Amino acid sequence: MDFDCDLFIVGAGSGGVRAARVAAGYGAKVIVAEEFRIGGTCVIRGCVPKKLMVYASRFADEFAYAAGYGWSVGPTSFDWPTLRAAKEREISRLSDAYRTNVGKAGATLIETRAELVDANRVRLADGRIVSARHILVATGARPESPGAIAGLEHTISSNEIFDLPEFPRRLLVVGGGYIAVEFACLFARLGAEVTQVMRGDNILRGFDQDMRDGLRDELQRAGVRLRFGCLPTVFEKHGKALRATLSDDEAIEIDQALVATGRKPNTSGLGLAEIGVALDATGAVVVDAGSTTNIRSIHAIGDVTNRINLTPVAIREGHALADKLFGDGDGKVDHHDVASAVFATPEIGAIGLTEAEAFKRYEMVDVYMANFKPMKATVGGGSERAIMKLVVEAHTNRVVGVHILARDAAEMIQVAAIAIKMKATKADFDAAMAVHPTGAEELVTMRAPTRRLRR
Ligand code: NDP
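Residues numbered from 1 in each chain as written. Predicted model: local features only at pLDDT ≥ 70, side-chain atom pairs only at ≥ 80, totals over all residues. Heavy atoms only, no water.

Enquirer: Provide a residue-level description of the nonpolar core, including the pertinent values.
Expert: Soluble, globular proteins show a tendency: their nonpolar side chains are buried together. By size, the foremost hydrophobic cluster in this structure holds 43 residues, and its most contacted members are Phe187, Val194, Leu215 and Ile348. For this core, the secondary-structure elements that each account for two or more residues are α3 (47-57), α5 (80-105), β8 (170-174), α7 (178-189), β9 (193-198), α8 (209-221), β17 (340-342) and β18 (347-352). When near neighbours in sequence (up to four residues on either side) are disregarded, Phe187 contacts Trp80, Ile161, Phe167, Pro168, Leu171, Ala192 and Val194. Residues Val17, Ala23, Val30 and Ile301 belong to the second largest nonpolar core, which totals 26 residues. (Core = buried A, V, L, I, M, F, W, Y, C linked by side-chain atoms within 4.5 Å. Buried < 20%, exposed > 50% of the residue type's maximum accessible area, 1.4 Å probe, protein only. Helix = DSSP H or I, 4+ residues; strand = E, 2+ residues; numbered from the N terminus. Contact = heavy atoms within 4.5 Å.)

This is how it looks when you write it as structure tokens:
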């Protein structure tokens, strides 16, 4: 049977674009459709602009530390429109680069919405039908609403926060996950008065307890007012300001409320359920280990499959799928021991099992931990702490988890991830000579376990 193309990709985010480039490299005829801006959440309203804002947020500390190192810094001030415009220039540059790279690879990009009609056809927004040997759904995810709260329409999500016309001097952040923590931290450091509320009793459920406690303390030190077991019940507009009533009846005046209570796979309105593609209870596309759905010609990668919702994972999945469809490979991606980072200040970098998870799985676990004031803060006069933690399965001596709370934890965990993937033992860590003076040297110089957990 003849098709208009070999692969039709819905969504030009990181995963979709990688799949397009690799598939086109094999000589496949590829079409990619995108209804918003090229680059997806990561480039346009996620990782990249967020990291730029995190960089911006760290200058306040640098100015404060500078005096301890002999510098006199004149009056400083922060200008939100300047940062917003600089961010916009950079993401536009990246979006253009994505577009160019898709074209250079030989794939065709069409800027329109596309919906599935059947196992081999999609309909574009103008009604045109395109047939494809394979269809890839790479539509990502979108902010999930926390349910019925009166006045929720007055709040914003991470989609809007990057482009606020005015800097929110008083910000309420709802949620305790990655997005909530990162924005609470960066806006507090940019000078906003931040209140962060969450239903749980601590931030970042699922992370190692020492990291959660350590970062919670750092957020409070940065001025974030944390409220646990507390959620908004009503939002009311008062002129330009908002009034939020919290579940403990406190009412606060704010300029903006950022709701970051998770994300939901982008599957609605794509025609998937109608043509029989299996979706799970969260609306995610169900795929096998090779990213293929229950309909053999339809595949899905990235956040829309709700496996591990991180850009590099989507990119690997897209690459592996293109290899499977047009080259050599089974489409599988190793989803074990994936490192991740929370870009607060300090950062959390983590890979492998938390202490609690390791103790559930193994009979004897050794925990090595260092908790110290980073060298830069000594003369700088800061009160921040850094925590390094190795979780070791005691019988085999294998390091099964690394957790770091420190300024450059994301950079450090990337390198530690290589050791973990190679199944390094504590002895392997110890065999690496320290690089002195660094914070990371603690990872190879912790001699005696801080505690041994035994069943
Ligand atoms: P998370 O899943 O990380 O956190 C969601 C938060 O919202 C949790 O605190 C959760 O509470 C709370 N929550 C969920 N539902 C409700 C509800 N109905 N009412 C009140 N609170 C609720 O989601 P995010 O939105 O922060 O981020 C989405 C995903 O994006 C992340 O999981 C991650 O995969 C990715 N991401 C990664 C980043 C990185 O790598 N640095 C940065 C940003 C996003 P509880 O814990 O009690 O369930």
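From this point, the narrative continues.
Enquirer: Describe the packing of aromatic side chains, and please don't skip the residues or the numbers.
Expert: Throughout the structure, instances matching the rule amount to eight aromatic pairs. For the pair Phe162 and Phe183, a centre-to-centre distance of 5.5 Å together with 65° between the ring planes defines the contact as edge-to-face. In this pair, Phe162 sits in the loop between α6 (158-161) and β8 while Phe183 sits in helix α7, placing the two residues 21 residues apart along the sequence. Side by side, Phe162 and Phe183 carry an identical accessibility label, which is buried. An aromatic cluster of at least three residues, connected via ring pairs, comprises Phe78, Trp80, Phe162, Phe167, Phe183 and Phe187. Here the guanidinium or amino end of Arg455 rests over the ring plane of Phe359, the centre of that ring lying 5.7 Å away. (Phe/Tyr/Trp six-rings, centres within 6.5 Å; stacked < 30°, edge-to-face > 60°. Lys NZ or Arg CZ within 6 Å of the ring centre and 35° of its normal.)

Enquirer: Can you break down the pattern of salt bridges residue by residue, with the values?
Expert: Across all of its chains, the model carries 35 salt bridges by this definition. The residue Glu88 makes a salt bridge to Arg37 at a minimum N-O spacing of 2.9 Å. One end of the pair, Glu88, is in helix α5; the other, Arg37, is in the loop between β2 (30-33) and α2 (40-45), with 51 residues separating them in the sequence. Between Lys389 and Asp208 there is a salt bridge, with the nearest N and O atoms lying 2.7 Å from each other. Of this pair, Lys389 sits in strand β20 (residues 386-393) while Asp208 sits in the loop between β9 and α8, placing them 181 residues apart in sequence. For the pair formed by Lys389 and Asp208, the shared burial category is buried. Because the salt bridges share partners, they merge into one network encompassing Asp208, Asp210, Glu355, Lys389 and Arg451. (Salt bridge = Lys/Arg side-chain N within 4 Å of Asp/Glu carboxyl O.)

Enquirer: Describe α5, with residues and values.
Expert: Counted at 1.5 Å a residue, the expected span for α5 with its 26 residues is 38 Å, and the 37 Å between its end C-alpha atoms agrees. Those residues of α5 that sit buried are Trp80, Leu83, Lys87, Ile91, Leu94, Ser95, Tyr98 and Val102. Phi turns positive, to about 100°, at Gly106, one or two residues after α5. (Expected span 1.5 Å × (residues − 1).)

Enquirer: How would you sum up the site of the ligand? Please name residues and give values.
Expert: Taken together, 19 residues lie near the ligand, and Gly176, Ile179, Arg199, Arg205 and Ala341 sit nearest. Within the backbone of Asn309, a nitrogen or oxygen atom sits 3.0 Å from an oxygen atom of the ligand. Separating a nitrogen atom of the ligand from a backbone N or O atom of Ala341 is a distance of 2.7 Å. In the complex, the protein chains occlude 75% of the 910 Å² of accessible area that the ligand would expose alone. (Near = heavy atom within 4 Å. Polar contact = N/O pair within 3.5 Å; in protein donor to acceptor, adjacent residues only side chain to side chain. Areas by Shrake-Rupley, 256 points an atom, 1.4 Å probe, with all protein chains shown as cover.)

Enquirer: Any details on the side chain of Thr293? Residues and values, ideally.
Expert: For Thr293, the position within the fold is in the loop between β15 (263-265) and β16 (298-300). A residue is classified by how much of its surface remains accessible, and Thr293, at 3% relative accessible area, is buried. There is a polar contact of 3.0 Å between the side chain of Thr293 and the backbone oxygen of Ile295. At 2.9 Å, the side chain of Thr293 forms a polar contact with the backbone oxygen of Ile298. When sequence neighbours within four positions are dropped, the list of residues in contact with Thr293 reads Val277, Val285, Val286, Val287, Ile298, His299 and Ala300.

Enquirer: Explain the environment of Pro49 to me, using residue names and the numbers behind them.
Expert: Topologically, Pro49 is positioned in helix α3. For Pro49, a relative accessible area of 0% puts it in the buried group. Along the sequence, Pro49 and Ile91 sit 42 residues apart, while their C-alpha atoms lie 7.1 Å from each other. Discounting residues that sit within four places of it in the chain, Pro49 has contacts with Cys42, Val43, Ile44, Lys87, Ile91 and Phe162.

Enquirer: So what about the pairing of strand β21 (residues 398-406)? Which residues, and what values?
Expert: Across the nine residues that make up β21, a large majority, eight, are buried. Pairing geometry for β18 and β21, over six bridges, is antiparallel. Paired with Gly352 across the two strands is Gly401, which belongs to β21. Of the strand pairs in this sheet, β20 and β21 are connected by seven bridges, and their pairing is antiparallel. Residue pairing for β21: Val392 is matched across the bridge by Val399. With antiparallel pairing between neighbouring strands as the criterion, β20 and β21 make up a hairpin whose turn holds four residues, including Asn397 at a positive phi of roughly 70°. (Pairing = 2+ DSSP bridges.)

Enquirer: Let's hear about unusual backbone geometry: which residues, and what values?
Expert: Residue Pro346 follows Thr345 across a cis peptide bond; omega there is -5°. Along the chain, the position of Pro346 falls in the loop between β17 and β18. Between His436 and Pro437 the backbone carries a cis peptide bond, its omega angle lying at -5°. Residue Ser291 is not a glycine yet carries a positive backbone phi of 70°. Position of Ser291 among the secondary structure elements: in the loop between β15 and β16. For Ser291, a relative accessible area of 1% puts it in the buried group. For Asn306, which is not glycine, the phi dihedral falls at a positive 50°. One can find Asn306 in the loop between β16 and α9 (311-326).

Purely geometric stuff here, so don't read any function into it on its own.
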